[in-house]
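Results of the structural survey
Given next are the chains, with one letter for each unit.
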Amino acid sequence: MEAAQSTKAPTQRFVDKFARIYTPTVFAFALAIAILPPLLMDGEWFNWIYKALVLLVIACPCALVISTPVTIVSGLAAAARMGILVKGGVYLEQGRKLEWLALDKTGTITHGKPAQTDFFSLNGWNERDVRSLAASLAVRSDHPVSIALTNAAKLEGIELRNVENFEALPGRGSKGVIDAKLYHLGNHRLIHEQGRCSDDLEARLSTLEAQGKTVIMLTDEQSVHGVFAVADTVKESSYQAITELHALGIKTIMLTGDNVHTARAIANQVGIDEAHGDLLPEDKLKAIESLLGKAVTVGMVGDGINDAPALAISDIGFAMGATGTGTAIETADVALMDDDLRKLPRFVRLSRNTHSIL
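Residues numbered from 1 in each chain as written. Predicted model: local features only at pLDDT ≥ 70, side-chain atom pairs only at ≥ 80, totals over all residues. Heavy atoms only, no water.

Here's the deal with the overall build of the chain
Across its full length, the chain carries 15 helices and 13 strands. Compactness check: the chain gives a C-alpha radius of gyration of 29 Å against a globular reference of 21 Å for 358 residues, more than 25% above the reference. Along the longest, intermediate and shortest principal axes, the C-alpha atoms of the chain span 110 × 40 × 35 Å. Carbon together with sulfur atoms contributes 56% to the accessible area of the chain, which is approximately 16,900 Å² in total. Computed over 34 positive and 41 negative side-chain charges, the separation of the two mean positions in the chain equals 5 Å. (Helix = DSSP H or I, 4+ residues; strand = E, 2+ residues; numbered from the N terminus. Rg over C-alpha atoms; globule rule 2.2 N^0.38 Å. Areas by Shrake-Rupley, 256 points an atom, 1.4 Å probe, with all protein chains shown as cover. Lys, Arg positive; Asp, Glu negative; His and termini not counted. Charge placed at Lys NZ, Arg CZ, Asp CG, Glu CD.)

Quick notes on a nonpolar patch on the surface
Taken together, the side chains of Phe27, Leu31, Ile35, Leu36, Leu39, Leu40, Met41, Trp45, Ile49 and Leu53 present a nonpolar region at the surface, about 1,000 Å² in accessible area. Among the secondary structure elements, those contributing two or more residues to the nonpolar patch are helix H2 (10-41) and helix H3 (45-59). We classify leucine 39 as exposed; its relative accessible area is 54%. (Patch = residues over 30% accessible without salt bridge, like charges linked within 9 Å, V, L, I, M, F, W, Y side chains within 5 Å. Salt bridge = Lys/Arg side-chain N within 4 Å of Asp/Glu carboxyl O. Buried < 20%, exposed > 50% of the residue type's maximum accessible area, 1.4 Å probe, protein only.)

Structural notes on helix H12 (residues 281-292)
In an α-helix, one turn spans 3.6 residues, which is why side chains three or four residues apart end up on the same side. When the terminal C-alpha atoms of H12 are compared, their 17 Å separation across 12 residues agrees well with the 16 Å that a helix rising 1.5 Å per residue should span. Inspection of H12 places Pro281, Lys284, Ile288 and Leu291 among the buried residues, and these make up the whole buried set. For H12, the angular spread of the buried residues around the axis is 85°, confining them to a single face. Next to the buried residues of H12 lie strand E2 (100-103), strand E9 (251-255), strand E11 (298-302) and helix H13 (308-313). (Expected span 1.5 Å × (residues − 1). Arc of directions from axis to C-beta. Contact = heavy atoms within 4.5 Å.)

What about the environment of isoleucine 305?
Residue position: isoleucine 305 is located in the loop between E11 and H13. Note: C-alpha distance between isoleucine 305 and phenylalanine 318 (13 residues apart in sequence) is 13 Å. Among all residues touching isoleucine 305, those that are not within four sequence positions of it are Thr325 and Thr327.

Here we look at the sheet that holds E11
If you walk across this open sheet you meet the seven strands as E1-E13-E12-E11-E2-E9-E10, and the pairing is mixed. Edge strands, defined here as strands with exactly one partner in the open sheet, are strand E1 (84-86) and strand E10 (274-276). Strand after strand, the sheet turns through a mean of 20° between neighbouring axes, direction not considered. Examined bridge by bridge, strand E12 (residues 316-320) and strand E13 (residues 334-336) share three bridges and lie parallel to one another. (Pairing = 2+ DSSP bridges. Axes fitted to C-alpha atoms, helices over the stretch in contact; angles between N-to-C directions.)

Structural notes on the packing of helix H6 (residues 127-138) against helix H7 (residues 144-155)
At a minimum axis separation of 9 Å, H6 and H7 run at an interaxial angle of 130°. Judged by the inter-axis angle, H6 sits oblique to H7. Here the hand of the crossing between H6 and H7 comes out left-handed. Counted together, Arg131, Ala134, Ala135 and Ala138 of H6 and Ser146, Leu149, Thr150, Ala152 and Ala153 of H7 form the full contact between these two elements. Along the lines of polarity and charge, the residues of the contact of H6 with H7 split into six nonpolar, two polar and one charged. (Parallel < 35°, antiparallel > 145°, perpendicular 65-115°, else oblique. Left-handed = near helix turned anticlockwise from the far one by under 90°. Nonpolar A, V, L, I, M, F, W, Y, C, P; charged D, E, K, R; others polar.)

Quick word on the environment of isoleucine 84
As for its placement among the helices and strands, isoleucine 84 is situated in strand E1. Between the C-alpha atom of isoleucine 84 and that of isoleucine 33, which follows or precedes it by 51 residues, the distance is 50 Å.

Let's talk about the sheet that holds strand E7 (residues 214-219)
Reading across the sheet, the six strands line up as E3-E8-E7-E6-E5-E4 and stay open at both edges, with antiparallel pairing between neighbours. Across the chains shown, the open sheet's two edge strands, defined by having one partner strand only, are strand E3 (115-121) and strand E4 (164-169). Recorded for the sheet is a direction-independent mean angle of 15° between the axes of neighbouring strands. Across six bridges, strand E5 (residues 173-178) lies against strand E6 (residues 181-187) in antiparallel orientation. Its bridge partner being in E6, valine 177 is matched across the sheet by leucine 182.

Section: the pattern of salt bridges
Side chains carrying opposite charge are able to pair once their charged atoms draw close together. Tallied over the entire structure, the rule returns 14 salt bridges. Between lysine 284 and aspartate 104 there is a salt bridge, with its nearest N and O atoms 3.2 Å apart. With lysine 284 in helix H12 and aspartate 104 in the loop between E2 and E3, this residue pair connects regions lying 180 residues apart in the sequence. Given the relative accessible area of 3%, lysine 284 is considered buried. You can call aspartate 104 buried: its relative accessible area is 6%. The shortest N-O distance in the salt bridge between aspartate 129 and arginine 161 comes to 3.3 Å. One end of the pair, aspartate 129, is in helix H6; the other, arginine 161, is in the loop between H7 and E4, and 32 residues separate them in sequence. Sharing partners across several salt bridges, the network here consists of Asp104, Lys284 and Asp307.

Focus on unusual backbone geometry
Of note, the phi angle at aspartate 179 is positive, near 55°, even though the residue is not glycine. Relative to the helices and strands, aspartate 179 resides in the loop between E5 and E6. The class for aspartate 179 is exposed, based on a relative accessible area of 59%. Backbone geometry places aspartate 278, a non-glycine residue, at a positive phi of 60°.

Given below as C-alpha cells:
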C-alpha cells in the first residue's frame, strides 16, 4: 500500500500543490486579522483573535488536503480486498477514463491449459517418431501449447530425445538439433515464412483453425512432417466480463499470437468487438500505439512475456496475477490476483466511485 501511495493520483498532486500556497496564505491572513486591528485601530484583542480563529476554522484546508489521499488509499484498499492489486493512485483514478480494452487470448480469456485434440503425420513418417521429435522440442518450452503436446506425449509413453542448440523463436515456436538434424516446431506463421505451406496442407489447417483450435507443425529443412492441434477452453467468467465492460461503454479488442481463425472464433464466443491474430510482441505494441494515437485511454490485459511490451505502453496494464509470468506482473500497473476477468468492470466501477467522492 505504501508503494502504491507513492504514485499519487492527479487530483492528489493538484491538492498537494494547492495546499502549499493556500495553507500559509490563510494562516498569514488570520495572523494579520488577529494583530493589525488591535495595533492600528485600537480594536479589542480578544474579539479580533476570536475572529482570526473563526477564519482559520472556516478556511482550514485540512478537510481538502487530508480527505484526498485518504480517499485514494481507501480506494486502493477496497481494490485489494477484491483481489485487485493496484500499483498507484494514478491508475485507480485513470480507470474511469478507459475507452478501449485490449485482451490477450491464451491464459487471459481462456484457461491457458489447452489439450492436444488432433494429430497426423505427413510424407509417410512414422507417427510415433514425429511425436517424439515434437515432444522433445516442446518439453523445453513453458508455452501452454507446448505443454499440451508434452503432456499428451507423456500419457502415451512417447520417448523424448536429446536436443542440442535449442532456441525459442518469439511468436513463432522453437527449433533445435536432434540426431544431427535441425527441426522446427512452430505455428502457421513460421510455416508460411519457411515457404512450406501447400494448398492441401493449407486447407487442412483452415478446417482445424475454424474449429477454434491452435495448430503447430514439425518441420525439418525440407518439409512439414507432422501437424498437431490443441484446443483451449474459455473461462466461464470471460463472457460476463465482456458484457459488463460493454455496459460500462468500454470497447474490447483481442490481440493474440494465435491464428486469425481461432482468434475470431473465441472472440465471437465471448462477444469481443474486434479480433486480430498472428501477432508478434511488436505487433501487439503497434496495435496499442494505434489506439493511443486516437487520443483514447487504452488498457491492455495479458499474462505472458509476449504481452509485456503492450502492457508497458498502454495507459493501464492489467496482468493475470495467478498464471501470469513474472515479467507481465512486474510490467503491469494492475494485477488481477485470481485471474477473474470480472474484476475488470469492478475496477472501473471502483475508479468511477472514487472519482465521484474526490
